[in-house]
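This is what each chain is made of:
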Amino acid sequence: MTEQTFVLPDVGEGLTEAEIVQWRVAPGDAVAVNDVIVEIETAKSLVELPSPYAGTVGELLASEGSTVEVGAPIITIGSTDAAAPAPAAPVSVPEPSDPGGAVLVGYGTGGAVSSRRRKPAERPVKASVGVVAKPPIRKLARDLGVDLSAVTPSGPAGEVTRDDVVKHAEQASVFRNIETPAWGAVREETIPVAAPAAPAPTASAPASDAREESIPVRGVRKATANAMTSSAYSAPHVSVWVDVDASRTMELVKRLKASPDFADVKISPLLIMARAVIWALRRTPMINAAWVDSEDGAQISVRHYVNLGIAAATPRGLLVPNIKDAQSMNTRELAKALETLTLTAREGKTSPADQTGGTFTITNIGVFGVDAGTPIINPGEAGIIALGAIRQKPWVVDGEVRPRWVTTVSGSFDHRVVDGDGISRFIADVASVLEEPALLLD
């Protein structure tokens, strides 16, 4: 029998390591070429890694939770003959509704990867409380903090679908699923950064009343920390904000929700905000630029297209996927793109390609009840804008105080790239559209 050693492949995007999230095989299991053997997490996405060999699993050389460098061995597979690796194929990224994962460069086929091993978990599983849901839906529910027993199913035979879970999560308070543990007697505990490569005895679980814990910084959190630190200490941030009467934006949102043309897409004030930002970027192109240090000296790169980033809080941490060429989309297309982007990010299926190449970012802090902030600019961009909570407040209209829907638009900008007049004009343009969406008809 020939033993093949499979090393962690180059995952691209300049990444040099990945975390072993979950092994899909165990020693002694039979695998075929392209069977999914392990799920890994890079700083940008979750990826299912297929086997390039056929045979019997020998040894798992990296434990779940450990961080592995590219090129390090992770598994051995024994075969009766020396099986050659599968031919290289381009990366394939699944649609948001696809429960599968991305295929790495140089491994597997160009299409969707599916395991040939029989896995009972892929069939609907009925819990003891009578809930019927597939494993990916149960994982999504856990990530969003949703109790499946409280979800009204809409699928066949009473099955809970992805849309059921997402809608239930949106209806719940963002703080509802955050537990507040009592102060305990243990003053401090330490969680190992990485488990040993060889299987080790199961450690006893830490006390639930611990006073302090240490969380390893890796994956998305590590990438975010590095990016935010680099941006904060390299780009001179200047922040501005303005209060806005968004009553007509709220009226437009209400009308769009009632329109048959938008019946199958989610409509929210974020959609109008996105349209306002794209309009304002066209009027002040320097906001859509970036500072570039090169061998020939510093340059300012002005992009005449908009890859609109949307900051998304996910169970894995902060992600900023972007909508490519958003300036070319109509309102319905933009609404659909925003919905797809949000669902994909929540499921942890955002591809590395969707997180690169952004030109400007929106962060919707209003969903958390926050009015304004001074966000940090995403590296490679010159600005970021925040949409605050929209509340009814007293507002002077034609000399009379009336209840109006009011919000605060705030943002941070790279003062190396854009001056104060351009920053002020951009913020004023965004505010003008939120006050009067009819400006988008020009």
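This one's a predicted model, so the numbers in the text were calculated from it and none came from an experiment. (Residues numbered from 1 in each chain as written. Predicted model: local features only at pLDDT ≥ 70, side-chain atom pairs only at ≥ 80, totals over all residues. Heavy atoms only, no water.)

### Brief notes about the overall build of the chain
Then, number 1: Looking only at helices and strands, the chain has seven helices and 21 strands in total.
Then, number 2: Within the chain, buried positions represent 43% of all 442 residues.
Then, number 3: For the chain, the exposed area adds up to about 22800 Å²; of that, 54% sits on carbon and sulfur atoms. (Helix = DSSP H or I, 4+ residues; strand = E, 2+ residues; numbered from the N terminus. Buried < 20%, exposed > 50% of the residue type's maximum accessible area, 1.4 Å probe, protein only. Areas by Shrake-Rupley, 256 points an atom, 1.4 Å probe, with all protein chains shown as cover.)

### With respect to the packing of helix H5 (residues 269-283) against helix H6 (residues 331-346)
Then, number 1: Here H5 crosses H6 at 115°, and the two axes come no closer than 10 Å. Taken as a pair, H5 and H6 cross one another with a handedness that is right-handed. Where H5 approaches H6, its residues Leu270, Leu271, Ala274, Arg275 and Ile278 are matched on the opposing element by Thr331, Leu334, Ala335 and Leu338.
Then, number 2: Along the lines of polarity and charge, the residues of the contact of H5 with H6 split into seven nonpolar, one polar and one charged. (Axes fitted to C-alpha atoms, helices over the stretch in contact; angles between N-to-C directions. Left-handed = near helix turned anticlockwise from the far one by under 90°. Contact = heavy atoms within 4.5 Å. Nonpolar A, V, L, I, M, F, W, Y, C, P; charged D, E, K, R; others polar.)

### Observations regarding the sheet that holds strand E8 (residues 73-79)
Then, number 1: In space, the four strands of this open sheet follow the order E1-E8-E6-E3, with antiparallel pairing throughout. A single partner strand is all that each edge strand has here, and the edge strands are strand E1 (2-7) and strand E3 (30-31).
Then, number 2: In this structure, strand E6 (residues 55-60) lies alongside E8, joined through three bridges in antiparallel fashion. Counterpart to valine 57 in the pairing with E8 is isoleucine 77. (Pairing = 2+ DSSP bridges.)

### Points about a nonpolar patch on the surface
Then, number 1: On the surface, a cluster of nonpolar side chains totalling about 240 Å² of accessible area is made up of Val367, Phe368 and Val370.
Then, number 2: Position of valine 367 among the secondary structure elements: in the loop between strand E18 (360-363) and strand E19 (383-387).
Then, number 3: A relative accessible area of 48% places valine 367 in the partly exposed class. (Patch = residues over 30% accessible without salt bridge, like charges linked within 9 Å, V, L, I, M, F, W, Y side chains within 5 Å. Salt bridge = Lys/Arg side-chain N within 4 Å of Asp/Glu carboxyl O.)

### Description of helix H7 (residues 420-435)
Then, number 1: The terminal C-alpha atoms of H7 lie 22 Å apart, and with 16 residues this matches the ideal 22 Å at 1.5 Å per residue to within 8%.
Then, number 2: Taken as a whole, H7 has its buried residues at Gly422, Ile423, Phe426, Ile427, Asp429, Val430, Ala431, Val433 and Leu434.
Then, number 3: On its buried face, H7 is in contact with strand E11 (237-245), helix H4 (247-258), H5, E18, E19 and strand E21 (400-414). (Expected span 1.5 Å × (residues − 1).)

### Comments concerning the sheet that holds strand E5 (residues 46-50)
Then, number 1: A sheet is described by the order of its strands in space; here four strands give the open sequence E5-E4-E2-E7, paired in antiparallel fashion. The two strands at the open ends of the sheet, each matched to only one other strand, are E5 and strand E7 (67-69). Strand-to-strand twist in this sheet, taken as the mean axis angle between neighbours without regard to direction, amounts to 40°.
Then, number 2: The pairing of strand E2 (residues 17-23) with strand E4 (residues 36-41) spans four bridges and is classified as antiparallel. Each residue of the ladder has a partner; that of isoleucine 20, found in E4, is isoleucine 40.

### Brief notes about the nonpolar core
In a soluble, globular protein the nonpolar side chains are often hidden away together inside.
Then, number 1: Membership of the largest hydrophobic core comes to 44 residues, with the highest contact counts inside it found for Val277, Leu308, Phe360, Ile362, Ile385, Phe426 and Val430.
Then, number 2: Where this core is concerned, the elements lending two or more residues are H4, H5, strand E14 (308-310), H6, E18, E19, E21 and H7.
Then, number 3: A total of eleven residues in this core trace back to one element, the largest contributor, which is H5. (Core = buried A, V, L, I, M, F, W, Y, C linked by side-chain atoms within 4.5 Å.)

Geometric values such as these leave the question of function open.
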